Amino acid sequence: MITLGIETSCDETSVAVLKGRDTILSNIVSSSLFRHQPFGGVVPEIASRHCLEQIDFVFQEALTQAKIKSKQIDLITVTEGPGLIGSLFVGISFAKALAYQLKKPLVGVNHLDAHLVANFIGEKEPGKYIGLLVSGGHTSLSYHQKGKIKLLGSTVDDAAGEAYDKVAKLLGLGYPGGPVMDKLAAKGDAHAFKFTRPKQKGRFDFSFSGIKTAVLYQVQKTNSHPDSFVRDMAASFQYSVVNWLVEKTLDAAVYKKVRHIVIGGGVSANSALREVLPARAKELGIEVRFPAFALTVDNAAMIARRGLELYQKGKRSNLKLMGKANLVMGKF
Ligand code: KG4
Ligand code: ZN
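What you are looking at is a predicted structure, and each value in this text was computed from that prediction instead of being measured.

What to know about the coordination of the zinc ion (ligand 2)
Each protein donor to the zinc ion (ligand 2) is listed here as His 111 (NE2), His 115 (NE2) and Asp 298 (OD); together their distances run 2.1 to 2.2 Å. One can describe the site at the zinc ion (ligand 2) as irregular: its four donor atoms subtend angles covering 91 to 148 degrees at the metal. In the primary sequence, the donor residues of the zinc ion (ligand 2) line up as H-x3-H-x182-D. Of this pair, His 111 and His 115 both sit in helix H4 (residues 111-117), four residues apart, roughly one helical turn. When sorted by exposure, His 111 lands in the same class as His 115, which is buried.

And the structure:
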């Protein structure tokens, strides 16, 4: 079974070819990041234009690298949402045209579910687990049991990656902020600044806008910000954010009595999260899974894998498939 994955939910254009459930034959990603950097964040119109310019090249390259012809494709899967509507429509229109021309089945995929499923390509999926999704646009905790997904909580304001990006901007570190902050944090004092824990309504909800404001006040206190200030701020911010993520995730795992935690999304590349969460979980007899680094970013291999699972469960989309900008974890 050859599955084609198409992902255009934000600033990346990606097409992948998956053989069976576990063999990625190709996973091409074209990012428009460099085009957004001068603006300090993703510009939706630039993102969707990039998808439009790139989609055909990326598709051809995915087939070439996989050494297959289009007629060998058995199933077409595409990100249905959430995301930027203009970008989503590029991938969905392309997928629909391909499905129509090749007379092959089409399956729309929830991008957030796919981020977690990226962990199971070539690996066994646990029977039940807590999912922590941490990306630039979303942060959520969910409970997964035998294919059923229950959303336990999500961010009430900024997403974790968004908080990294905004704080990096305040510190003059450019976009995207996560990777730079992560590197600087390793060289700073994590206890130089203390941030109070945000209060949330829901036990499993997150809030990150308070810490961003606290950083802003610290930045405004002085006119000059030596490198040591930036390093210490990055370290203190990372320490607080990672600890909040770890505590909530472990709380959810204990509450649901699961032995597995599965992480997905861009922030799953974070070095502190990768170090602290497995260590703390181990004390409770819980195992933590992180995706391979290549699968932490937005990519079509995870879409193909999730789409194939849904197809095998009987899901079929048709040519009325539309982009859903606000889709939440576990929903269609
Ligand atoms: O999942 P993703 O590629 O895009 C969305 O679907 O949103 O996530 C991108 C986000 C950005 O906010 C970026 O700053 C963050 O992931 N990120 C990181 C790291 N690498 C990427 N945040 C913290 N530490 C990192 N190492
Ligand atoms: Zn994503």
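From this point on, the discussion continues.
Here we look at the packing of aromatic side chains
The final tally for this structure, using the stated rule, is six aromatic pairs. Measuring from centroid to centroid gives 5.5 Å for Phe 120 and Tyr 129, while their planes differ by 70 degrees, and the two rings are edge-to-face. The pair Phe 120 / Tyr 129 is uniform in exposure class, with both members buried. For the pair Phe 204 and Tyr 255, a centre-to-centre distance of 5.4 Å together with 45 degrees between the ring planes defines the contact as tilted. Of this pair, Phe 204 sits in the loop between helix H6 (177-185) and helix H7 (209-221) while Tyr 255 sits in helix H8 (residues 227-255), and the two are 51 residues apart along the sequence. Overall, Tyr 255 belongs to the partly exposed group, its relative accessible area being 44%. Sitting over the face of the ring of Phe 206, Lys 248 holds its NZ or CZ atom 6.0 Å from the ring centroid. When the ring centre of Tyr 143 is taken as origin, the NZ or CZ atom of Lys 256, which lies over that ring, is 4.6 Å away.

With respect to the sheet that holds strand E2 (residues 12-19)
Strand order in the open sheet formed by five strands is E3-E2-E1-E4-E5, with mixed pairing between adjacent strands. Among the strands making up the open sheet, the edge pair consists of strand E3 (23-31) and strand E5 (106-110). Mean inter-strand twist for the sheet, computed between neighbouring axes without regard to direction, equals 20 degrees. Relative to E2, strand E1 (residues 2-7) runs antiparallel, the two being bridged by six bridges. Looking at E2, one finds that Leu 4 is bridged to Val 17.

Notes on the sheet that holds strand E6 (residues 128-134)
With mixed pairing, the five strands of this open sheet are ordered in space as E8-E7-E6-E9-E10. Two strands close off the open sheet at either side, each with one partner strand: strand E8 (148-154) and strand E10 (287-289). Averaged over all pairs of adjacent strands, the angle between strand axes in this sheet comes to 25 degrees, irrespective of strand direction. Taken together, the three bridges between strand E9 (residues 260-264) and E10 define a ladder with parallel strand orientation. In the strand pairing of E10, His 260 is matched with Glu 287. In the packing of H8 onto the sheet, contacts are made with E6, strand E7 (139-145), E8 and E9, and the angle to E6 comes to roughly 160 degrees.

Some details on the packing of H8 against helix H9 (residues 271-283)
One way to put it is that H8 packs onto H9 with a least axis distance of 10 Å and a crossing angle of 35 degrees. Note that H8 runs across H9; the crossing there is right-handed. When H8 is examined against H9, the residues Gln 238, Val 242, Asn 243, Leu 245, Val 246, Glu 247 and Leu 250 are found in contact with a partner set consisting of Ser 271, Ala 272, Leu 273, Val 276, Leu 277, Arg 280 and Ala 281. In terms of residue class, the contact of H8 with H9 is built from nine nonpolar, three polar and two charged.

A few points about the packing of helix H5 (residues 160-170) against H8
In contact at an axis separation of 12 Å, H5 and H8 are set at 170 degrees when each is read in the N-to-C sense. Judged on the interaxial angle alone, H8 and H5 are roughly antiparallel. In this structure, the crossing between H5 and H8 has a hand that is right-handed. In this structure, H5 uses Ala 163, Tyr 164 and Val 167 to contact H8, whose residues at the interface are Phe 237, Gln 238, Val 241 and Val 242. The class makeup of the residues in the contact of H5 with H8 is six nonpolar, one polar and no charged.

A word on the site of ligand 1
Within the structure, ligand 1 sits among 20 residues, and Gly 136, Asp 165, Asp 182, Gly 266 and Asn 270 are positioned closest to it. Interatomic distance of 3.2 Å between a backbone N/O atom of Gly 161 and an oxygen atom of ligand 1. A distance of 2.9 Å separates an oxygen atom of ligand 1 from a polar atom in the backbone of Gly 266. Out of a free accessible area of 560 Å², ligand 1 has 86% covered by protein chains. Those elements that place two or more of their residues in the shell around ligand 1 are H4, H5 and H6. Class assignment of the residues belonging to the shell around ligand 1 gives a composition of six nonpolar, 11 polar and three charged.

Topic: the environment of Asp 157
Note on placement: Asp 157 falls in the loop between E8 and H5. Since its relative accessible area comes to 30%, Asp 157 is described here as partly exposed. Beyond its immediate stretch of four places on either side in the chain, Asp 157 contacts Glu 162, Phe 206, Ser 207, Phe 208 and Ser 209. Among the polar contacts made by the side chain of Asp 157, one reaches the side chain of Ser 207 at a distance of 2.7 Å. There is a polar contact of 3.2 Å between the side chain of Asp 157 and the backbone nitrogen of Ser 209.

The rules behind each value
Residues numbered from 1 in each chain as written. Chains lettered and ligands numbered in written order. Predicted model: local features only at pLDDT ≥ 70, side-chain atom pairs only at ≥ 80, totals over all residues. Heavy atoms only, no water. Donors = N, O, S within 2.8 Å, 3.2 Å for Na, K, Ca; no water. Tetrahedral: all angles 85-135°; square planar, octahedral: opposite > 155°, others 65-115°. Helix = DSSP H or I, 4+ residues; strand = E, 2+ residues; numbered from the N terminus. Buried < 20%, exposed > 50% of the residue type's maximum accessible area, 1.4 Å probe, protein only. Phe/Tyr/Trp six-rings, centres within 6.5 Å; stacked < 30°, edge-to-face > 60°. Lys NZ or Arg CZ within 6 Å of the ring centre and 35° of its normal. Pairing = 2+ DSSP bridges. Axes fitted to C-alpha atoms, helices over the stretch in contact; angles between N-to-C directions. Contact = heavy atoms within 4.5 Å. Left-handed = near helix turned anticlockwise from the far one by under 90°. Nonpolar A, V, L, I, M, F, W, Y, C, P; charged D, E, K, R; others polar. Parallel < 35°, antiparallel > 145°, perpendicular 65-115°, else oblique. Near = heavy atom within 4 Å. Polar contact = N/O pair within 3.5 Å; in protein donor to acceptor, adjacent residues only side chain to side chain. Areas by Shrake-Rupley, 256 points an atom, 1.4 Å probe, with all protein chains shown as cover.

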